[in-house]
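Descriptive analysis of the structure
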Amino acid sequence: MSTIIGIDLGTTNSVCAIIERGEPRIIINEEGGRTTPSVVGFSKNGERFVGDIAKRQMHINPEGTVHSIKRFMGRPYEDSTDDLRLVGYPLVKAQSGECGVPIGDRVFTPREIAAMVLQKLKRSAEDFLGETITEAVITVPAYFTDRQRQATRDAGTIAGLDVLRIINEPTAAALAYVHDRKQNSRIAVYDFGGGTFDISIVEVGENIAEVRATRGNNALGGADVDQILVEWLRGLFEKEQQIDVSKERVVLQRLRDAAERAKMELSTSHSTDIHLPFLMADHRGPRHLQATLDRNTFEQMIAPVVDQTIRECALALQDAGVHPNDVDEVVMVGGSSRIPMVQQRVEEAFGRPLNKGFNPDEVVAVGAAIQAGILEGDLKSVTLLDVTNLSLGIEVTGGRFAPLIPKNSTLPAQKTQLVSTVVDNQRTVKIHVLQGEEEKARNNVSLGQFELTGIQPGRAGSPRIRVKFGIDASGMVQVTAHDLRSGVSQSVEIDVPTGMSKFDVERLRDEVADQEQADEGDRELRRLRKGIESRLVSIEALLRDHRGELHKSELSGIEQALKRGRMALLKSSDRSNLTDLGAYLERMESHVRSQLS
Ligand code: AMP
């Protein structure tokens with residue numbers, strides 16, 4: 001059985017981990033990093049880069065660098081317009097109804113972009129472990145709706161990964177805690193990342209993690225803090241130089257980079273200098289931006305964002321029916337939890353020092369790997385009692401929302417509803433499924449509609465159809481219907497307003513697999529060339545050091561082989577030719593060594 005990997009697919013960074021001999025281990029990527037920026041870059045000639053290289057090209061090619069795609073996963077374009085200002089690349093409405101990133105003559109959906117990040121993590125894990133990886137556990141924010149979870153699973157499928165389980169990020173952090181501490185505690189997991197915020201109250205024991213309540217905001221994170229600083233810098237520049245840069249993509253990207261750097265610096269220093277030479281030029285010549293920001297001013301600016309997270313903490317405690325004093329430990333997760341003001345406010349809210357024993361960047365991936373280890377049977381099972389964070393319900397007369405499975409219900413959850421007809425001989429009934437807490441159906445997130453068909457003709461109200469709504473352990477919705485009169489059961493496909501059909505997802509997966517195969521050919525060619533190059537260098541070194549000890553006829557044979565090798569490196573891209581040459585040079589080197597010994 002091949003290894004199941006655990007993935008924290010983050011808004012800003014992603015991390016991949018595995019269980020090795022019973023302990024979690026972070027996968028090191030091809031660049032030697034433990035975290036991989038969730039950034040995909042496209043060059044003008046169609047080349048694609050993922051991770052650090054893509055992040056590095058962000059400020060020179062903002063339009064071709066896609067970041068923070070997680071904010072748009074599984075959301076209709078119309079609902080995402082607020083977030084569009086936070087990214088420096090253009091977004092259009094894709095055919096699927098979501099946001100799409102236009103690159104060349106193609107529009108990439110968030111699923112495809114996320115799949116590129118997942119593919120990179122998968123490949124790193126394969127290189128690291130020397131085996132093919134096909135299965136994964138992926139984490140998502142607790143507040144992800146069914147659509148967003150589905151989009152994440154699709155991204156995995158496109159990347160060639162069978163996503164065995166989707167778990168909530170704070171729940172994953174709690175699993176890491178259980179694995180590490182094995183003690184009874186009530187913990188709060190405060191997770192403030194690049195694009196999302198969650199707070200969860202979890203009861204943990206030796207083999208159990210029970211989520212009591214979770215709250216959060218899917219569109220609140222470090223990027224919002226950066227945006228406040230970008231606005232401040234933009235205003236400053238406009239005031240000093242009378243130049244409006246609000247439409248200058250490259251300038252805005254530079255401001256965003258500088259804002260994030262300043263923010264991070266203020267986590268350790270009390271003041272930071274921002275210096276952006278040649279930000280713009282006008283008839284007076286180049287215009288620069290120079291500013292100093294101290295921690296106090298920064299804290300005043302970001303207080304509304306931090307306040308929002310603290311308010312959510314109080315509400316989560318209320319939902320769990322727990323007093324702050326009853327929380328034993330507060331585990332901090334996510335890069336933005338490093339902001340000193342955040343730590344201070346959370347400490348005040350819970351009235352205790354924070355647990356800093358876990359790496360906030362890695363703890364979620366570690367939890368995902370632990371879940372993977374449990375599924376593999378390598379780790380002792382932990383009973384995970386997670387909850388649904390949004391109520392699931394249907395639209396009823398008057399456009400109202402009738403919740404069926406209330407929020408904070410333990411997963412998996414189920415609810416049966418009897419449905420009937422309203423007119424005589426009605427053959428179909430349409431049901432609109434939603435998630436949310438609002439009274440008016442249209443103010444909640446629509447998961448789509450489904451139609452019960454083949455109802456036996458009869459008087460209005462006489463058919464009795466039992467519709468079973470379920471939310472599985474991955475937080476995903478399933479619907480089945482059973483006609484009590486005819487005894488016929490049907491599984492129900494929800495017709496989603498946005499998203500992709502199974503067929504489209506599979507088509508993309510095959511496309512990626514074909515591309516992978518082509519890339520694999522290139523990678524093999526590079527590996528062969530690298531092998532020949534190092535063999536040539538090694539034989540050249542032997543010749544240099546031991547020329548005098550070798551026979552003349554031997555020498556000319558070696559020199560000829562070296563020449564042939566160099567020529568082949570320059571000209572040949574024939575794999576079998578290079579494989580033969582590599583083997584020939586290997587034999588030659590060992591022959592020369594045997595002559596010398
Ligand atoms: P995550 O989604 O957990 O990877 O968190 C990424 C977010 O954390 C980004 O918005 C980063 O700018 C932010 N971040 C990372 N390190 C720091 C730091 N030292 N101080 C403040 N924010 C940070």
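Residues numbered from 1 in each chain as written. Predicted model: local features only at pLDDT ≥ 70, side-chain atom pairs only at ≥ 80, totals over all residues. Heavy atoms only, no water.

So, on to the overall build of the chain. Along the chain, the regular secondary structure elements total 13 helices and 27 strands. Principal-axis analysis of the C-alpha atoms gives the chain an extent of 105 × 70 × 55 Å. The buried share of the chain, taken over its 597 residues, is 52%. Considering only intrachain contacts with a sequence separation of at least 6, the fraction spanning at least 24 residues in the chain is 64%. Split by element, the accessible area of the chain, about 27300 Å² in all, is 47% carbon and sulfur. Here the chain holds 74 positive side-chain charges and 86 negative ones, and the gap between their average locations is 2 Å. (Helix = DSSP H or I, 4+ residues; strand = E, 2+ residues; numbered from the N terminus. Buried < 20%, exposed > 50% of the residue type's maximum accessible area, 1.4 Å probe, protein only. Contact = heavy atoms within 4.5 Å. Areas by Shrake-Rupley, 256 points an atom, 1.4 Å probe, with all protein chains shown as cover. Lys, Arg positive; Asp, Glu negative; His and termini not counted. Charge placed at Lys NZ, Arg CZ, Asp CG, Glu CD.)

One way to put it is that helix α11 (residues 502–546) packs onto helix α13 (residues 575–596) with a least axis distance of 10 Å and a crossing angle of 25°. In terms of axis orientation, α11 runs roughly parallel to α13. You can see that α11 and α13 cross each other, and the crossing is left-handed. Between α11 and α13, the contacting residues are G521, E524, L525, L528, R529, I532, R535, L536, S538, I539, L542 and H546 on the first element and R575, L578, T579, L581, G582, L585, E586, M588, E589, V592, R593 and L596 on the second. Of the residues assigned to the contact of α11 with α13, the class counts are 12 nonpolar, five polar and seven charged. (Axes fitted to C-alpha atoms, helices over the stretch in contact; angles between N-to-C directions. Parallel < 35°, antiparallel > 145°, perpendicular 65-115°, else oblique. Left-handed = near helix turned anticlockwise from the far one by under 90°. Nonpolar A, V, L, I, M, F, W, Y, C, P; charged D, E, K, R; others polar.)

What follows concerns the domain arrangement of the chain. In terms of domains, the chain is made up of domain 1 (4–221 + 304–385), domain 2 (392–500) and domain 3 (503–596). Computed from C-alpha atoms alone, the centre-to-centre distance between domain 1 and domain 2 is 30 Å. Facing the 22 residues of domain 1 at the interface are 17 residues of domain 2. One can count one salt bridge joining domain 1 with domain 2. With a shortest N-O distance of 3.4 Å, D319 and K407 are connected by a salt bridge. Summed over the shared surface of domain 1 and domain 2, the result is five residue pairs in polar contact (both at pLDDT 80 or more). Elements with a contribution of two residues or more to the side of domain 1 that touches domain 2: α3 (110–129), α4 (146–158), β12 (162–168) and β15 (208–217). At five residues, α4 tops the list of elements feeding residues into the side of domain 1 that touches domain 2. Across the side of domain 1 that touches domain 2, the residue classes tally to four nonpolar, seven polar and 11 charged. (Domains from an automatic or database assignment. Salt bridge = Lys/Arg side-chain N within 4 Å of Asp/Glu carboxyl O. Polar contact = N/O pair within 3.5 Å; in protein donor to acceptor, adjacent residues only side chain to side chain.)

As defined by bridge partners, strand β2 (residues 13–20) adjoins strand β3 (residues 23–26) across four bridges and the pair is classed as antiparallel. Residue I18 lies in a different strand from β3, and its bridge partner there is R25. (Pairing = 2+ DSSP bridges.)

A separate point is the site of the ligand. The environment of the ligand is formed by 14 residues, the closest being G194, E260, K263, S267 and G335. Here an oxygen atom of the ligand and a side-chain polar atom of K263 are 2.6 Å apart. In this structure, a nitrogen atom belonging to the ligand sits 2.6 Å away from a side-chain N or O atom of S267. With the chains in place, 86% of the 500 Å² that the ligand exposes on its own is no longer accessible. The leading source of residues in the shell around the ligand is helix α7 (residues 249–265), at three residues. The class makeup of the residues in the shell around the ligand is two nonpolar, nine polar and three charged. (Near = heavy atom within 4 Å.)

Inspection of the secondary structure assignment puts E329 in strand β18 (residues 329–333). At a separation of 2.7 Å, a polar atom in the side chain of E329 contacts the side chain of N355. Here E329 is in contact with Y177, R181, Q183, R186, I187, A188, R352 and N355, once residues within four sequence places are set aside.

Strand order in the open sheet formed by four strands is β22-β25-β26-β27, with antiparallel pairing between adjacent strands. Pairing within the sheet leaves two strands with one partner each, and these edge strands are β22 (413–419) and β27 (489–492). Direction aside, the axes of adjacent strands within the sheet are offset by 20° on average. The pairing of strand β26 (residues 477–483) with β27 spans four bridges and is antiparallel. Paired with H482 across the strands is S489, a residue of β27.

With that out of the way, let us pick up the nonpolar core. Grouped together as the largest cluster of nonpolar side chains are 50 residues, with contacts concentrated most on Y190, L255, V330, V346 and F350. With 11 residues, helix α8 (residues 295–320) is the single largest residue contributor to this core. With residues up to four places along the chain from it excluded, the contact list for V330 reads A188, Y190, V346, F350, R352, L354 and N355. I7, I103, L121 and M476 belong to the second largest nonpolar core, which has 45 residues in total. (Core = buried A, V, L, I, M, F, W, Y, C linked by side-chain atoms within 4.5 Å.)

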